[in-house]
Amino acid sequence: ALDSAVAHAARARARQEVIALLCAPSLSGSSGLRDPSTLPRAAPNPFQGSMYAQMACMACGTVSPLQGTPFRVLSLPLVAHPGRPPFKTLEAALENLVAQEEVEDVICKGLCRGAKRRMFRRSSLGHLPGALCIQLARRTFDVRTGRM
């Protein structure tokens, strides 16, 4: 017990010495480390926004927690699915982006205990950036056919 108390005291003393060295004025005259709250903060990126997605199992009703994804460019497909007519307005393309959709073969982490199930996915725009940059995607990749 005495050995562990001595080791603990030595670690605490070493920690204090390191902190004192880091916070001590340097030879060049700077004052060492500053309080983090006084450091200048990076300006927020005016193009940075976030999208949120949530899944719900159609079999058991388990709803996943919201998952946020940052974006700088919002990519909107002009066509919802190959073979369908393109969207006529920007509003229609945005509605398609956040529309609820069915997704096949997703592993349920709820009551289905790891079984692959059909799920609903719902996306939403979370934090909108100060300047929204939109990319209009003329082509989309079809997962079923493997074609653009």
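Look up a bit, the structure's there.
Residues numbered from 1 in each chain as written. Predicted model: local features only at pLDDT ≥ 70, side-chain atom pairs only at ≥ 80, totals over all residues. Heavy atoms only, no water.

Engineer: How should I be thinking about unusual backbone geometry in this particular structure?
Structural biologist: For residues besides glycine, phi is generally negative; the peptide bonds are generally trans as well. Despite not being glycine, Asp105 shows a phi value in the positive range, around 55 degrees. Topologically, Asp105 is positioned in strand β4 (residues 101-107). Relative accessible area serves as the criterion here: at 54%, Asp105 is assigned to the exposed category. Notably, Arg113 is not glycine yet its phi reads approximately 55 degrees, a positive angle. Mapped onto the secondary structure, Arg113 falls in the loop between β4 and β5 (116-125). (Helix = DSSP H or I, 4+ residues; strand = E, 2+ residues; numbered from the N terminus. Buried < 20%, exposed > 50% of the residue type's maximum accessible area, 1.4 Å probe, protein only.)

Engineer: What's the story with the pattern of salt bridges in this structure? I'm lost.
Structural biologist: Close approach of charged atoms allows side chains with opposite charge to pair. The tally for this structure, following the rule as stated, stands at three salt bridges. Of the charged contacts in the structure, one is a salt bridge between Arg121 and Glu101, with a shortest N-O distance of 2.8 Å. Here Arg121, found in strand β5, pairs with Glu101, found in strand β4; they are 20 residues apart in sequence, far enough to count as distant. The exposure class assigned to Arg121 is partly exposed, which follows from its relative accessible area of 29%. A salt bridge links Glu104 to Arg118, with the nearest nitrogen and oxygen atoms 3.3 Å apart. Of the two residues, Glu104 is situated in strand β4 and Arg118 in strand β5; the sequence distance between them amounts to 14 residues. One continuous salt-bridge network, built from bridges that share partners, spans Glu102, Glu104 and Arg118. (Salt bridge = Lys/Arg side-chain N within 4 Å of Asp/Glu carboxyl O.)

None of this, on its own, says anything about what the molecule does.
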